[in-house]
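Take a look at the letters that make up each chain.
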Amino acid sequence: MRDSLVAAAFQLFLERGYEQTTVDEIVALAGVGRRSFFRYFPSKEDVVFPDHERCLAEMNDFLREGSSEGGDRGADDPVARVCDAARVVLRMYAENPTFSVQRYRLTKKVPGLRTYELSVVWRYERALAEYLRGRFAGRRDGTLRADVIAAAVVAAHNNGLRSWLRSDGQSDATAEVDHALAHVQQVFGSDPDPDPDPVGPVQRPTGKSAKRAADDDVVVVISRRGAPMWRVVQEVETALGRDPE
């Protein structure tokens, strides 16, 4: 019955337009009563997005699995986990390309549906941010980092998704989204606790150790494991009084 209502609604939306179609006309075409419609959909807008509640629940389940201890890459890399969570949403769209393209075209034409869609997207972003906040809890700028990454993942996913939709579902949806999400992982990396200054200060010995160090021209640099090599080299050259190139 739920699928019949969605099919009837979109048939009428395409024939008459969204604003001109009433709930009574939808239930009449589907052969059910108004009570049946509102049992599945609180409003006419909801029938345009019938799969998002299920998809949001699946994504939250996926994120909860990533919060537990385990050996998968998500347990080690929260950024990879939220990117994979975005792919859960992509699969929902890709399961029915024709319907997804029709909805995309309809949403572009109806301001009220665009507003509704933004509220749905915000719920996905909030779910990603809450997961990341838990993973970054107690770390410097953990909340800020979580919110920024969540927004970046949603933006990247939507960029790839819309590229696919604009092609009328003819391009490779997975390739489009993977390409966009790769930028997120390149920017934020796999280190869940980044240091804004990953290379620590040059540690200089004192006393007799200082004289021996000066004689031997030894410099000790303490660096985080994830620091880029160019930054390490730059710090060493600076400590030795050389101008980094």
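The sections below set out a description of the structure shown in this document. (Residues numbered from 1 in each chain as written. Predicted model: local features only at pLDDT ≥ 70, side-chain atom pairs only at ≥ 80, totals over all residues. Heavy atoms only, no water.)

Notes on the overall build of the protein
If you tally the helices and strands in the protein, you get 13 helices and two strands. A buried classification covers 39% of the 245 residues belonging to the protein. Within the protein, residue pairs in contact and separated by at least 24 positions form 66% of the contacts whose partners lie at least 6 positions apart. (Helix = DSSP H or I, 4+ residues; strand = E, 2+ residues; numbered from the N terminus. Buried < 20%, exposed > 50% of the residue type's maximum accessible area, 1.4 Å probe, protein only. Contact = heavy atoms within 4.5 Å.)

Let's talk about the pattern of salt bridges
When the charged atoms of two side chains lie near each other, side chains of opposite charge can form a pair. Counting across every chain of the model gives 12 salt bridges. The closest approach of N and O atoms between Arg34 and Asp24, which form a salt bridge, is 2.7 Å. Of this pair, Arg34 sits in helix α3 (residues 34–40) while Asp24 sits in helix α2 (residues 23–30), placing them 10 residues apart in sequence. A salt bridge links Glu65 to Arg81, with the nearest nitrogen and oxygen atoms 3.8 Å apart. Taken together, the residues span a long stretch of sequence, with Glu65 in helix α5 (residues 52–67) and Arg81 in helix α7 (residues 78–94) at a distance of 16 residues. (Salt bridge = Lys/Arg side-chain N within 4 Å of Asp/Glu carboxyl O.)

A word on the side chain of His52
Its location among the elements puts His52 in helix α5. In this view, His52 contacts Met92, Tyr93, Arg103, Val120 and Tyr124; residues no more than four positions away in its chain are not counted.

A look at the packing of helix α1 (residues 2–16) against α2
Packing of α1 against α2 brings their axes to within 8 Å, and their N-to-C directions diverge by 120 degrees. It follows that α1 is oblique to α2 by the angle criterion. Helix-helix and strand crossings are classified by hand; for α1 and α2 the assignment is right-handed. Contact residues: α1 offers Ser4, Leu5, Ala8, Ala9, Gln11, Leu12, Phe13 and Arg16, while α2 offers Glu25, Ile26, Val27, Leu29 and Ala30. Tallied by class, the residues present in the contact of α1 with α2 amount to nine nonpolar, two polar and two charged. (Axes fitted to C-alpha atoms, helices over the stretch in contact; angles between N-to-C directions. Parallel < 35°, antiparallel > 145°, perpendicular 65-115°, else oblique. Left-handed = near helix turned anticlockwise from the far one by under 90°. Nonpolar A, V, L, I, M, F, W, Y, C, P; charged D, E, K, R; others polar.)

As for α1
For α1, which comprises 15 residues, the first-to-last C-alpha distance of 21 Å matches the rise-based estimate of 21 Å (1.5 Å per residue) to within 8%. Considered for burial, the residues of α1 that qualify are Leu5, Val6, Ala8, Ala9, Phe10, Leu12 and Phe13. Each element contacted by the buried residues of α1 is listed here: α2, α3, α4 (44–48) and α8 (97–109). Directly after α1, the chain includes Gly17, whose backbone phi takes a positive value near 105 degrees. (Expected span 1.5 Å × (residues − 1).)

A short note on unusual backbone geometry
A positive phi angle, close to 55 degrees, is found at Asp141, a residue other than glycine. Looking at the element boundaries, Asp141 is found in the loop between α9 (111–135) and α10 (142–166). Residue class for Asp141 comes out partly exposed when judged on its relative accessible area of 45%. Unlike most non-glycine residues, Asp168 shows phi in positive territory, near 60 degrees. Residue classification places Asp168 among the partly exposed residues on the basis of a relative accessible area of 38%.

Side note on the side chain of Ser100
Of note, Ser100 is situated in helix α8. Among the polar contacts listed, one links the side chain of Ser100 to the backbone oxygen of Tyr93, at a separation of 2.7 Å. Ignoring any residue separated from it by four or fewer positions in sequence, one finds Ser100 in contact with Tyr93, Trp164 and Leu165. (Polar contact = N/O pair within 3.5 Å; in protein donor to acceptor, adjacent residues only side chain to side chain.)

Notes on the environment of Ala155
Along the chain, the position of Ala155 falls in helix α10. The partly exposed category is assigned to Ala155, whose relative accessible area is 46%. Considering only alpha carbons, one finds Ala155 and Val184, 29 residues apart in sequence, at a separation of 9.5 Å.

Observations regarding the packing of aromatic side chains
Counted according to the given criterion, the structure contains seven aromatic pairs. Three or more aromatic residues joined by ring pairs form one cluster here, namely Phe10, Phe13, Tyr18 and Phe99. Between Lys44 and the ring centre of Tyr18, over which it is positioned, the NZ or CZ distance is 4.3 Å. (Phe/Tyr/Trp six-rings, centres within 6.5 Å; stacked < 30°, edge-to-face > 60°. Lys NZ or Arg CZ within 6 Å of the ring centre and 35° of its normal.)

Some thoughts on helix α11 (residues 173–188)
Over its 16 residues, α11 runs 23 Å from end to end, which matches the ideal 22 Å to within 8%, given 1.5 Å per residue. Looking at the packing, one finds that the buried side of α11 touches α7 and α10. Sitting at the head of α11, Asp172 places a side-chain oxygen 3.1 Å from the backbone nitrogen of Thr174.

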